[in-house]
Amino acid sequence: MATSSTDVPIGPSTPALEDPSAQLTTEDRVGLLRAMLLMRAIEERAMNLYRQGKVPGSFYDGFGQEAVSVGATWAMAAADRLCVLHRDLGAHIVRGVQPAAILSQYMGRAAGITNGRDGNVHFGDLRTGCVGMVSMLPDMMLVAAGMAMAFKLRGEQRCALTWFGDGSTSRGDFHEAMNWAGVQQLPVIFILENNQFAYSTPIKQQFAVNPVERAAAYGFPGVSVDGNDAEAMFEATRLARERAISGGGPTLIEAVTMRMHGHGAHDDMKYVPKALVEEWRQKDPIDRQSARLKELGVDVEALRQEVRAEVDAAAKKALAGPMPDPATATDRLFHPREAQEILLEDGAAPWSGFGS
Amino acid sequence: MATSSTDVPIGPSTPALEDPSAQLTTEDRVGLLRAMLLMRAIEERAMNLYRQGKVPGSFYDGFGQEAVSVGATWAMAAADRLCVLHRDLGAHIVRGVQPAAILSQYMGRAAGITNGRDGNVHFGDLRTGCVGMVSMLPDMMLVAAGMAMAFKLRGEQRCALTWFGDGSTSRGDFHEAMNWAGVQQLPVIFILENNQFAYSTPIKQQFAVNPVERAAAYGFPGVSVDGNDAEAMFEATRLARERAISGGGPTLIEAVTMRMHGHGAHDDMKYVPKALVEEWRQKDPIDRQSARLKELGVDVEALRQEVRAEVDAAAKKALAGPMPDPATATDRLFHPREAQEILLEDGAAPWSGFGS
Amino acid sequence: MSEMTYLRAISDGLRTEMRNDERVLLMGEDIGVYGGAFKVTDGFIEEFGADRVMDTPLAESGIVGTAVGAAVVGLRPVCEMQFADFVSCGFDQIVNVAGKMLYRQGLPVNITVRLPSGGGFSGGPFHSQNPEAWFMHSPGLKVVAPSTAEDAKGMIIASIRDPNPVIYMEHKNLYRRVKGEVPEGSYETPFKARVAREGDDLVVIAYGAMVHTALEATADLDGASIMVLDLRSLVPLDEQAILGAVQRCSKVVVVDEANYTCAAGAQVAALIAERAFEDLDGPVLRVASPDVPIPFSPPLEAAVLPSVERVREACRQLLEY
Amino acid sequence: MSEMTYLRAISDGLRTEMRNDERVLLMGEDIGVYGGAFKVTDGFIEEFGADRVMDTPLAESGIVGTAVGAAVVGLRPVCEMQFADFVSCGFDQIVNVAGKMLYRQGLPVNITVRLPSGGGFSGGPFHSQNPEAWFMHSPGLKVVAPSTAEDAKGMIIASIRDPNPVIYMEHKNLYRRVKGEVPEGSYETPFKARVAREGDDLVVIAYGAMVHTALEATADLDGASIMVLDLRSLVPLDEQAILGAVQRCSKVVVVDEANYTCAAGAQVAALIAERAFEDLDGPVLRVASPDVPIPFSPPLEAAVLPSVERVREACRQLLEY
Ligand SMILES: Cc1ncc(C[n+]2csc(CCOP(=O)(O)OP(=O)(O)O)c2C)c(N)n1
Ligand SMILES: Cc1ncc(C[n+]2csc(CCOP(=O)(O)OP(=O)(O)O)c2C)c(N)n1
Ligand SMILES: [Mg+2]
Ligand SMILES: [Mg+2]
């Protein structure tokens, strides 16, 4: 399994998954690559815009971890619900959020998903079945468990999914969510995105034993997956989803990966050994998926150019959009009783297996 | 192992402890019984005083669980520090708190340990090395871990101990404390007092897998012990303490027991199957220790009478004491800078092994 | 109409709304089989089943956080904290997840959190708190605090129907002490203040249990005509009713059971000092608990909680002003 | 004396006290190897070692709870919340364990909790909060909020030496913006208010970053003589200084960056309305953030945070009264 920055074992050896490609058409496999390329291109653009002073506050990305969110989300059905975390832009892309809306969000423009109320990846587009994350980690695990609880109570065949980092596992809400999901055997998928660092803190200072080992002691399986392989992420999530919707309960998936950029744009990550970064650069998830598709004869370069053009256009559109009107700053504190009920709506579910 | 009210397994089968009596003189063994008898007699007296309206608020006891606190505390050295929970009056007794002070505490008298500021078992006598618990469960696990952290940082051969119930394991602070103790390999002993219910909630609604199984996934051992056997509790705690002070890190001890009274005096525990209570009545920890001592020729009846007399005298003394002066109600909100520093002091450590 | 206690009125409201609306679900520790620490949900599990009267693990953050999740996919969870004091353990989920979701994301969070609060029965520092001001200071939460049986029912129903997170303060010391006529069936009490007694010389502004303390203290005070304004809702705060009462009476005593500093009463007094200064004919006096934990022992607790006597003194002082 | 930023003054205070007293230990996320999210403890781990500059797990309840344990056996932990906003995750341990221990048990808890707070740089709803009022409303905690470099150092030292739990508010927007002469070596700033500028016609009462907003707003306001009172300490609140200022000026504007309802400013205004009514020559005006989460986008954030312009307007309105 992957090398770790520490002496904490990176999860149990998990039985190899069946060949995921059995579940994926070439179109799916291109879709996975496309979403990863989009994620990277949008985040690179946003980083540039940040350097130009066009993205206020701080900027965080998921460079090198694209497979984790893209692969997992590819396995989610339209009626499923997600709480997307800060390294997981790919999930939004797969669910159908448009690049211009994302860049508008980063720049605090009126057309951003939160209309400028919240920044960077702190957003969830209601029309894609996603709840916007809060900063407090990992609070969203409980929200995901609660959505799953509602599905189970109503006898619906749907599931909820959320991500969280290695550092986030140290907080109480991790435990309350794991325990709740175990006791009620909820249709929820927890993805531990083990990128080996929490800000500057290496995993050996977060836990003595890999948290994926804990799943069993909550009454459900924990599996470790190569988080830099989008198809492996897809397959592990697909299986977890099947368990979930057939009443088999929760799954904890550890996506073993590496944070390849600083915690945020301001962080030079001096604290990470260079050799470790170098080693993981060889495992880039986009390179891996590109190689696969080249073997299948897909014109990856054309795809890259298409994505680049899409992001160029999106940036142009986003930059042309206005900032929010300050007169709206105190609107929408409370939802009026007489207004229509607002609930999360279904998102895109591009996997061919859903027959859409 | 013991029968449980549910289908959740009551902890792993733990290798049988060596015969604890090797560590205990007859005097120790009598001391254990004496402390358990005192605990029961004081709580029975308090329950009567409660019924007479002399104990304000509610009243909680540890009837049937006396071995858990008495046995464990018997293994603690004077310089060790404890956070004592609400079923664990025996710990206070072993550490040297006088029965009259306890009864004064229950009755909200000026001579109570908290001078009437807090009620029932929410107390810790500074002079016995005990931190008074807060109601919020299991917050004290973190406080105990913090004391242990200080001992480790200063290179002292001391340890900290705390108790908590099966229900308390569901809260985030359980996890944060377990994880902290595991990462830092602290000299702390966690005693999970599994009495099979949290108020009315049976353990199967608190966890899918017994939490003692989790210890391994935090990087330290978890052991199950017969919580109705004071000598077994002593021995498990003694071994855990040895590990702790020799740098071996934390231990989680599950004391398997049964709450034999309602959650509080007001609770008729209709929700507990009668047969279960009956079964556990056969395992009464005081009966068990009495039988042992009778075999050794100890006059247990005389001991009982001595204890009864002691509690009678204590009740008399407590009842004669005044209520606190209302004029003091707002005193001691802040400790004055110029006043002496107040820290926990050493408590009694009666075990013969300490040579005291 | 039938007479019932404040406690039974809450039960009645919950039951009514659960019958009306299948989306309503109760969550909490020991609320099912046991019927709740105070028996508010006694008999509910028999009528509605364990799925809708859910005995949860001992985990306040879990209760609130999963309720938020259930709410955004269409349920209407009502969470019980066993005592208001334990809300500190679910604090983050309330203020950061539930409270900010609509403003940030446009997603309303329809949860109700019931907080059995307050002192007066030797509950001590951990079973007597009045934490409403923490939530008033956290944007995005409504905070209500009925004082009568009728309002207790009408406001629990209104809280459940309100699409926003509502912190519902129920004062333990009113549970069995206060009784009143309660309409049958379904009705809502608006989140507005109520004049508990008309008067012209002075107004006592209070909410929850303190409304009764205020009424008792001023029932017969040297013949003065004393208004008692029951706020009922703290967020939104009925500023119009407050300012109107000050305009009419010119003298104000604000009573609060919570600790003095930054309490609801501080907000009310500050509001008056800012917006009704010209109407004032004397200082805005406050009666509240001093800034200490609520002590256990009866003489100490009595010394700390606002008493009829202290309210009376404040009124007298102001009437003589 | 040497000139340094507010940020460096905090570092200097921490370093000074760590050299003075071996019992002092820092705990927090990323404070060691990384030197802290804001670099307050940059270089500390090299000087004091990883045991005294402890990189903790990501667990705020854990940080506070273990600090309490360490304190009662003789250490003097200083906890850093990475942002003040995350204190909601350690809230229970602060208010219920640390805050009530001395009153209940006679056991002082000598911890300091540093909260990098406040907005002004597009931090958004979770990196801009000013949660001091929650703690002011929780008995047993001291709450301080320095506004200058000199006080930042003197108050962090005083907080560490104070045997009680102290919530130390450090405003992020002052970190690098505010500079000043700071005495060398060890000294303490008392938990008392400070006159930031003398004046007679009106007093602006503020603390933290708002002291600078107040000073700027009133530096030249139509020639009026305007006092600025920097509270510095919120608990204990320097009531004497507040009442003295009102007596002298008769007109008061209270400025608070936190959300309006039940803020520190509400307490100050309520205090004045109760105890200085006769000295008042006009309403007690308040400037604060409206009751919404602090939005991210610059125009929205600017519309919410109290500005120089809003303070100026309030002063003008009152001067013309
Ligand atoms: C409760 C809480 N405390 C502190 C922070 C500040 N913070 C933001 S991200 C981060 C590190 C998170 O690490 P991890 O969970 O491993 O996620 P990663 O960023 O590595 O994906 C920290 C400490 C936070 N967001 N939430
Ligand atoms: C955080 C918190 N929530 C709720 C309560 C109310 N409460 C008091 S005791 C109790 C049950 C505790 O069960 P357990 O931990 O098993 O301990 P036991 O009483 O069985 O010894 C509850 C829910 C509490 N004390 N703390
Ligand atoms: Mg990480
Ligand atoms: Mg129990």
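Structure first, text after, so check above.
In this text, all values refer to a predicted model and were calculated from it rather than measured experimentally.

Asks: Which parts of the structure should I look at to understand the site of ligand 1?
Replies: For ligand 1, the set of nearby residues contains 21 residues, the closest of which are A:His86, A:Arg87, A:Ser168, A:Phe197 and D:Glu60. The environment around ligand 1 is built from residues contributed by chains A and D. Take A:Asp166: an N or O atom from its side chain is 3.1 Å from an oxygen atom of ligand 1. At 2.8 Å, a backbone N or O of A:Phe197 approaches an oxygen atom of ligand 1. Computed on the free molecule, ligand 1 has an accessible area of 580 Å², of which 95% lies beneath the protein chains in the complex.

Asks: Please explain the interface of chain C and chain B as it appears in this structure.
Replies: A common way to report how large an interface is uses the accessible area buried once the components associate. The interface of chain C with chain B comprises 34 residues on the first partner and 39 residues on the second. In total, chain C and chain B occlude about 2,700 Å² of area from one another, counting both sides; carbon and sulfur atoms represent 68% of this. Our enumeration of links across chain C and chain B arrives at zero salt bridges. At five residues, helix α11 (residues 298–304) of chain C tops the list of elements feeding residues into the side of chain C that touches chain B.

Asks: Help me understand the coordination of the magnesium ion (ligand 3) in this model?
Replies: Residues and elements named next belong to chain A. With distances of 2.0 to 2.3 Å, the protein atoms coordinating the magnesium ion (ligand 3) are Asp166 (OD), Asn195 (OD1) and Phe197 (O). Mapping the donors of the magnesium ion (ligand 3) onto the primary sequence yields the spacing D-x28-N-x1-F. With a gap of 31 residues between them, Asp166 in the loop between β3 (160–165) and α6 (172–184) and Phe197 in strand β5 (residues 197–198) connect regions that are remote in the sequence. Relative accessible area serves as the criterion here: at 6%, Phe197 is assigned to the buried category.

Asks: How should the sheet that holds strand β1 (residues 81–83) of chain A be read in this particular structure?
Replies: Paired through their backbone hydrogen bonds, the strands of a sheet run either parallel or antiparallel. Residue and element names in this part refer to chain A. Pairing within the open sheet is parallel, and its six strands lie in the order β2-β1-β3-β4-β8-β7. Every interior strand has two partners, whereas the edge strands, β2 (130–131) and β7 (222–226), have only one. Inspection of the sheet shows β3 paired to strand β4 (residues 188–194) by six bridges, in the parallel sense. Opposite Gly165, over in β4, you have Glu193 as the bridge partner.

Asks: I would appreciate a short explanation of the interface of chain D and chain C in the present structure.
Replies: Contact residues are listed per partner, giving 48 residues for chain D and 48 residues for chain C. Among the residues chain D hides against chain C, the three largest losses belong to D:His137, D:Glu274 and D:Phe277. Together they make up 17% of the total. No other element matches helix α10 (residues 264–275) of chain D, which puts eight residues into the side of chain D that touches chain C. Counted by class, the side of chain D that touches chain C contains 29 nonpolar, ten polar and nine charged residues.

Asks: Mind showing me how you'd approach the pattern of salt bridges here?
Replies: Between side chains of opposite charge, pairing is possible as soon as their charged atoms come close. Enumeration according to the criterion identifies 88 salt bridges over all chains in this entry. We note a salt bridge from A:Glu242 to A:Arg238, for which the minimum N-O separation is 3.2 Å. Of the two residues, A:Glu242 and A:Arg238 are both situated in helix α8 (residues 230–245); the distance of four residues between them amounts to about one turn of the helix. Relative accessible area serves as the criterion here: at 43%, A:Glu242 is assigned to the partly exposed category. Across the salt bridge formed by C:Glu17 and C:Arg161, the nearest N and O atoms sit 2.9 Å from each other. You can see C:Glu17 sitting in helix α1 (residues 6–20) and its partner C:Arg161 sitting in helix α7 (residues 149–161), a full 144 residues away along the chain. Look at C:Glu17 and you get buried, because its relative accessible area is 2%. Via salt bridges that share partners, C:Asp12, C:Arg15, C:Arg19, C:Glu47 and C:Lys153 belong to a single interconnected network.

Asks: Help me understand the coordination of the magnesium ion (ligand 4) in this model?
Replies: Reference values for coordination geometry: four tetrahedral donors around a metal ideally subtend 109.5 degrees, six octahedral donors ideally subtend 90 or 180 degrees. All names here are of chain B. Taken together, Asp166 (OD), Asn195 (OD1) and Phe197 (O) make up the protein donors of the magnesium ion (ligand 4), found 2.0 to 2.2 Å from the metal. Ordering the donors of the magnesium ion (ligand 4) by residue number gives the pattern D-x28-N-x1-F. You can see Asp166 sitting in the loop between β3 (160–165) and α6 (172–184) and its partner Asn195 sitting in the loop between β4 (188–194) and β5 (197–198), a full 29 residues away along the chain. The two residues Asp166 and Asn195 agree in class, both being buried.

Asks: I would appreciate a short explanation of the relation of the copies chain D and chain C in the present structure.
Replies: Copy one and copy two of the chain differ by a rotation about an axis and a translation along that axis. Placing chain D over chain C gives an RMSD of 0.0 Å and needs a rotation angle of 180 degrees, together with 0.0 Å of translation along the axis. Here the symmetry operator amounts to a two-fold rotation axis. Residue by residue, 100% of the interface of chain D is reproduced at the interface of chain C, so both copies engage with the same surface.

Asks: Help me out: how do you make sense of the environment of B:Val121 in this one?
Replies: All names here are of chain B. Looking at the element boundaries, Val121 is found in the loop between α4 (99–106) and β2 (130–131). A sequence separation of 78 residues divides Val121 from Tyr199, and the C-alpha atoms of the two residues are 16 Å apart. Setting aside residues no more than four positions away along its own chain, Val121 makes contact with His86, Tyr106 and Met133.

Asks: Explain the packing of helix α5 (residues 140–153) of chain A against α6(A) to me, please; I cannot follow it from the model alone.
Replies: Packed helix pairs are characterised by how far apart their axes lie and by the angle those axes make with each other. All names here are of chain A. Relative to each other, α5 and α6 sit at 15 degrees, their axes nearing to 9 Å. By the angle between their directions, the pair α5 and α6 is classed as roughly parallel. Where α5 crosses over α6, the two elements pack in a sense that is left-handed. Residues Met141, Leu142, Met149 and Lys152 of α5 lie in contact with α6, whose contacting residues are Asp173, Phe174, Glu176, Ala177, Met178, Trp180 and Gln184.

Asks: I tried to follow the packing of helix α1 (residues 26–51) of chain B against helix α10 (residues 285–295) of chain B on my own but got confused; where do I start?
Replies: Residues and elements named next belong to chain B. Contact geometry of α1 with α10 gives a least axis separation of 10 Å together with a crossing angle of 150 degrees. As α1 packs across α10, the resulting crossing turns out to be left-handed. Residue-level contacts link Arg29, Val30, Leu32, Leu33, Met36, Leu37 and Arg40 of α1 to Pro285, Ile286, Gln289, Ser290, Arg292 and Leu293 of α10.

Asks: Before we go on, may I ask you to explain the sheet that holds strand β12 (residues 233–235) of chain D in this structure?
Replies: Residue and element names in this part refer to chain D. On the basis of which strands lie adjacent, the open sheet formed by seven strands has the order β3-β2-β4-β5-β7-β6-β12 and mixed pairing. The sheet is open, and its two borders are formed by β3 (53–55) and β12, each paired with just one other strand. Taking the axes of each pair of neighbouring strands and ignoring which way they run, one obtains an average angle of 20 degrees across the sheet. Relative to β12, strand β6 (residues 142–144) runs antiparallel, the two sharing two bridges. In the sheet register, Val143 faces β12, and the bridge partner there is Val235. Contacts between helix α3 (residues 60–72) and the sheet are confined to β2 (24–28) and β4 (76–80), with β4 contributing the most and set at about 170 degrees to the helix.

Asks: Please clarify how the pairing of strand β10 (residues 202–206) of chain D should be interpreted in this entry.
Replies: Successive side chains on a regular strand alternate, one facing one side of the sheet and the next facing the other. Residue and element names in this part refer to chain D. Counted residue by residue, β10 has five buried out of five residues, so it is predominantly covered. By the bridge criterion, five bridges tie β10 to strand β11 (residues 226–230) in an arrangement that is parallel. By the bridge assignment, Ile205 is partnered in β11 with Leu229. Tracing the backbone out of β10, into helix α8 (residues 209–218) and back to the parallel element β11 gives a crossover that is right-handed. Two elements, β10 and strand β13 (residues 252–259), share three bridges in a ladder whose sense is parallel. By the bridge assignment for β13, Ile205 is matched with Val254.

Asks: Got a minute to help me understand unusual backbone geometry in this structure?
Replies: Trans peptide bonds make up the majority, and among non-glycine residues the majority have a negative phi. Of note, the amide linkage connecting A:Leu137 to A:Pro138 takes the cis form, showing an omega dihedral of -15 degrees. Structurally, A:Pro138 can be placed in the loop between β2 and α5. Residue C:Pro236 follows C:Val235 across a cis peptide bond; omega there is -5 degrees. Topologically, C:Pro236 is positioned in the loop between β12 (233–235) and α9 (239–249). If you check the backbone angles, B:Asn115 has positive phi at about 55 degrees while not being a glycine.

Conventions used here
- Residues numbered from 1 in each chain as written.
- Chains lettered and ligands numbered in written order.
- Predicted model: local features only at pLDDT ≥ 70, side-chain atom pairs only at ≥ 80, totals over all residues.
- Heavy atoms only, no water.
- Near = heavy atom within 4 Å.
- Polar contact = N/O pair within 3.5 Å; in protein donor to acceptor, adjacent residues only side chain to side chain.
- Areas by Shrake-Rupley, 256 points an atom, 1.4 Å probe, with all protein chains shown as cover.
- Contact = heavy atoms within 4.5 Å.
- Buried area = accessible area lost by both parts, 1.4 Å probe.
- Salt bridge = Lys/Arg side-chain N within 4 Å of Asp/Glu carboxyl O.
- Helix = DSSP H or I, 4+ residues; strand = E, 2+ residues; numbered from the N terminus.
- Donors = N, O, S within 2.8 Å, 3.2 Å for Na, K, Ca; no water.
- Buried < 20%, exposed > 50% of the residue type's maximum accessible area, 1.4 Å probe, protein only.
- Pairing = 2+ DSSP bridges.
- Nonpolar A, V, L, I, M, F, W, Y, C, P; charged D, E, K, R; others polar.
- Least-squares fit on C-alpha atoms with pLDDT ≥ 70 in both.
- Axes fitted to C-alpha atoms, helices over the stretch in contact; angles between N-to-C directions.
- Parallel < 35°, antiparallel > 145°, perpendicular 65-115°, else oblique.
- Left-handed = near helix turned anticlockwise from the far one by under 90°.
- Right-handed = clockwise from strand over helix to strand, strands pointing away.

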